[in-house]
Amino acid sequence: MKPIRAILAAAAIVAALPGAALAQRGPDSLGADWRARQDQARGGVQSGRLVPLSVVIDRISRRTPGRLLDAGLEGRNYRIRWATTDGRRIDFIVDAESGQILSGG
């Protein structure tokens, strides 16, 4: 029974060390402020100020057949990373307020 207590005590000490939680989860690949950007986009859509991302993705899919790789709000624009059916990757920049495609494709 004593070896189990020693293992549990060692695990508790390691877990309490600074940075232990970060080491367990790994780096945040979406960036440190991704949650704030997501909340900002959600609030903008709910208030009617921003076009829903689903509408923008639907427009892109009708224009350029393929599939969504990644999407998010960057400043006043959506950035949509898209994989075409022929294997190309396109980054679309879309005005989040109007839904107008500014670049890509």
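Residues numbered from 1 in each chain as written. Predicted model: local features only at pLDDT ≥ 70, side-chain atom pairs only at ≥ 80, totals over all residues. Heavy atoms only, no water.

Draft legend 1. Highlighting helix 4 (residues 53-63). Looking at helix 4, one finds that the buried residues are Val 56, Ile 57 and Ile 60. End-on, the buried residues of helix 4 take up no more than an arc of 100 degrees, which puts them together on one face. Away from its buried face by more than 90 degrees, helix 4 exposes Ser 54 and Arg 62. (Buried < 20%, exposed > 50% of the residue type's maximum accessible area, 1.4 Å probe, protein only. Helix = DSSP H or I, 4+ residues; strand = E, 2+ residues; numbered from the N terminus. Arc of directions from axis to C-beta.)

Draft legend 2. Local environment of the environment of Val 51. Assignment of secondary structure puts Val 51 in the loop between helix 3 (34-47) and helix 4. As a C-alpha pair, Val 51 and Asp 95 span 44 residues in sequence and 8.7 Å in three-dimensional space.

Draft legend 3. Here's a closer look at the pairing of strand 3 (residues 89-95). As defined by bridge partners, strand 2 (residues 77-84) adjoins strand 3 across seven bridges and the pair is classed as antiparallel. Bridge pairing links Arg 81 to Asp 91 in strand 3. Linking strand 2 back to strand 3 in an antiparallel pair, the connection comprises four residues, with Gly 87 at a positive phi of about 95 degrees. Pairing between strand 3 and strand 4 (residues 101-103): two bridges, direction antiparallel. Within strand 4, the residue paired with Ile 93 across the bridge is Ser 103. (Pairing = 2+ DSSP bridges.)

Draft legend 4. Structural detail: the pattern of salt bridges. Counted under the stated rule, the structure contains nine salt bridges. Here Glu 97 ties to Arg 49 by a salt bridge, and the two come within 4.0 Å at their closest N and O atoms. Of the two residues, Glu 97 is situated in the loop between strand 3 and strand 4 and Arg 49 in the loop between helix 3 and helix 4; the sequence distance between them amounts to 48 residues. A relative accessible area of 36% places Glu 97 in the partly exposed class. (Salt bridge = Lys/Arg side-chain N within 4 Å of Asp/Glu carboxyl O.)

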